[in-house]
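Each chain is listed here by its residues.
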Amino acid sequence: MMSLSASDTGKRRPPGFGKAKSVLIVLLSGGPSQLDMLDPKPDAPAEVRGEFKPIGTTIPGVAVCEHLPKLAKQTDRWAIVRTLAHREHNHLLATHVALTGRPTPIPRGGSDLDRVESRNDFPNFAAALDFIQPRSDGIPSGVSLPNYLIEGPLTWPGQHAGFLGAKHDPWQINGDPNDKNFRMQALAMREGMSPDRLQSRRQLLESLSRGRQTLSGTETDSLRDQQAIAYNLLTSGKLTQAFEICHESDETRDRYGRNKFGQTLLLSKRMIEAGVPVVQATMGIVQTWDTHVDNWGKLKNTLLPQLDQGLEALTDDLASSGLLDETLLIVMGEFGRTPRISTLPGQTIPGRDHWASAYSGLFAGAGVQGGQVLGQTDAQAAYPITNSWSPADICSTVFNALGVDAEATIADPLSRPHYLLNGNVISNLYTGASA
């Protein structure tokens, strides 16, 4: 299912190639407002600019929202990209695009129930990486936390390996790391079981199964794959210890914020320290940032303070340990919010609706040049007026940073090949060239 071109030592690589050992995607699910965060328009009409005031940053002439004061002092570490854009204004389809770099492979109907997660979907970043660079050291290629994106009958697409199969699904952690009883039970052996004893049992099972090696089939192969993964994880003390967030000092936990999101970022840092290549930290459940109602109240009172505090602690710790040099950080939603303020029928508190034509993201680490802004939007932050970048470009940037060859492909269920790097690497992140 995969073809890789022979490596050419003389081949010119895109900027940033192989700079990252890990990628941490901080997903702001629901669509954060570009106008009220990273692309304020204080001179726009009242029905556009919103309630917040801009504050200066370490980048001359560049402002962010007044409720991101810690970020404003750390913009020398970050590249702000203001011209991300695509065409999907629906949460489910946009999430698939954001996390795979591709639209859904088959037409989806008019109802959200037709747009839910499917094994026909493209694999997300972690799953595709696991397919082309499988591991056998007990460290998963991907970990997503702290919750799966599900709302009632709807399961957001783009969260697993899609047509590559469950074998390549990233690890999903469901639980609140801020809970004093948080513990990864799935990685705990039952009482009386040691790694040596488990290994002995595995050898016995392999010996008994040797005579049945000729038996094959989808279910049999899947079971063997899952057994191998389980053995590796259970005998990997490094990963087990990474989940023991209770060993962090009170001071450290306080710096990240004693809330679900802050502790999720702290746990994500521990995943990176353990060597997990792709970590996805989701801030909230599916539509946490879907601020049709009370946009400014939700941002001011909860979302922005938690994001601001958590990102400061995360980047401080990664920088002090040297891990920021080899970790690509991306903060993004699946889209942004409408320039025009609106009030939903039956509601009295205004907000903003879905908008994918222009939205903002943050990038840092692994060779990214901080202290820069890429892209410029119009006077209402509605459309790019300079170069824009798509989720496919983000996808290509991620794989390029992880050292994936530009010719790497996967094949869909119809045996059609697809390049993993299906967009353009955002080279400006590394070169500092204006967009």
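Please refer to the structure higher up on the page.
The rules behind the values
Residues numbered from 1 in each chain as written. Predicted model: local features only at pLDDT ≥ 70, side-chain atom pairs only at ≥ 80, totals over all residues. Heavy atoms only, no water. Helix = DSSP H or I, 4+ residues; strand = E, 2+ residues; numbered from the N terminus. Buried < 20%, exposed > 50% of the residue type's maximum accessible area, 1.4 Å probe, protein only. Contact = heavy atoms within 4.5 Å. Salt bridge = Lys/Arg side-chain N within 4 Å of Asp/Glu carboxyl O. Core = buried A, V, L, I, M, F, W, Y, C linked by side-chain atoms within 4.5 Å. Axes fitted to C-alpha atoms, helices over the stretch in contact; angles between N-to-C directions. Parallel < 35°, antiparallel > 145°, perpendicular 65-115°, else oblique. Left-handed = near helix turned anticlockwise from the far one by under 90°. Nonpolar A, V, L, I, M, F, W, Y, C, P; charged D, E, K, R; others polar. Polar contact = N/O pair within 3.5 Å; in protein donor to acceptor, adjacent residues only side chain to side chain. Pairing = 2+ DSSP bridges. Expected span 1.5 Å × (residues − 1). Bend = angle between axes of the 7 residues up to and from the residue.

A. Quick peek at the overall build of the protein chain. Counting secondary structure elements, the protein chain contains 12 helices and 16 strands. Counting only residues that meet the buried cut, the protein chain has 53% of its 435 residues in that class. In the protein chain, once contacts between residues fewer than 6 apart in sequence are set aside, the share between residues at least 24 apart is 76%.

B. View of the pattern of salt bridges. Under the counting rule described, the total for this entry stands at 18 salt bridges. Note that Asp39 and Arg82 form a salt bridge whose closest N and O atoms lie 3.7 Å from each other. Taken together, the residues span a long stretch of sequence, with Asp39 in the loop between β1 (22-27) and α1 (46-49) and Arg82 in strand β4 (residues 79-84) at a distance of 43 residues. The burial state of Asp39 is the same as that of Arg82; both residues are buried. Its salt-bridge partner being Asp254, residue Arg258 comes within 2.8 Å of it at the nearest N-O pair. One network of salt bridges, with partners in common, ties together Asp39, Lys41 and Arg82.

C. Spatial organisation of the nonpolar core. Core analysis: the biggest nonpolar cluster contains 53 residues, and Met271, Trp289 and Leu307 have the highest contact counts within it. In terms of residue count, helix α10 (residues 295-321) provides more of this core than any other element does, 9 residues in total. Setting aside its immediate chain neighbours within four residues, Met271 contacts Val143, Leu239, Ala242, Phe243, Val276 and Val279.

D. Spotlight on the packing of helix α4 (residues 125-132) against helix α11 (residues 391-401). Packing of α4 against α11 leaves a shortest axis separation of 11 Å and a crossing angle of 40°. As summarised for this structure, α4 and α11 are arranged oblique, according to the angle between their axes. Crossing of α4 over α11 shows right-handed handedness. Taking contact as the criterion, the partners of Phe125, Ala128 and Leu129 in α4 are, on α11, Cys395, Val398 and Phe399. Of the residues contributing to the contact of α4 with α11, the split by class is 6 nonpolar, no polar and no charged.

E. Spotlight on the side chain of Thr57. Looking at where Thr57 falls in the secondary structure, it is placed in the loop between β2 (54-56) and β3 (63-65). A polar atom in the side chain of Thr57 sits 3.1 Å from the backbone nitrogen of Ile59. Within the local environment of Thr57, its side chain forms a polar contact with the backbone oxygen of Val62, the two atoms lying 2.9 Å apart. Beyond its immediate stretch of four places on either side in the chain, Thr57 contacts Val62, Ala63, Val64, Ala72 and Thr75.

F. A look at the sheet that holds β4. Across the sheet, 8 strands lie side by side as β8-β5-β9-β1-β10-β13-β4-β14; this open sheet has mixed pairing. Only two strands of the sheet have a single neighbouring strand rather than two, namely β8 (171-172) and β14 (372-374). Relative to strand β13 (residues 359-364), β4 is paired through 4 bridges, and the arrangement is antiparallel. The residue of β13 that forms the bridge with Val81 is Gly361. Sitting on the sheet, helix α9 (residues 260-274) touches β1, β5 (142-145), β9 (278-282) and β10 (327-332), and the angle it makes with β9 is about 175°. Along the sheet, α11 makes contact with β1, β4, β10 and β13, crossing β10 at roughly 165°.

G. Region of interest: α10. Helix length check: α10, at 27 residues, gives a terminal C-alpha distance of 36 Å against a target of 39 Å (1.5 Å per residue), a fit within 8%. In α10, a bend of some 40° at Leu303 exceeds every other bend along the element, and Pro305, a proline, comes one to four places later. Gly322 sits one or two positions beyond α10 and adopts a positive phi of about 85°.

H. Structural context of the side chain of Thr291. Structurally, Thr291 can be placed in the loop between β9 and α10. Take Thr291: its relative accessible area is 1%, and that puts it in the buried class. Of note is the side chain of Thr291, whose polar atom sits 2.6 Å from the side chain of Asn295. Discounting residues that sit within four places of it in the chain, Thr291 has contacts with Lys298, Arg337, Gly351 and Arg352.

I. Local environment of the packing of α9 against α10. The N-to-C vectors of α9 and α10 enclose an angle of 20°; their axes lie 9 Å apart at closest approach. As judged from the angle between their axes, α9 and α10 are roughly parallel. Seen from above, α9 lies across α10 with right-handed handedness. On α10, the residues touching Phe261, Leu265 and Lys269 of α9 are Gln306, Leu307, Gly310, Leu311, Leu314, Asp317 and Leu318. Taken together, the residues that form the contact of α9 with α10 break down as 6 nonpolar, 2 polar and 2 charged.

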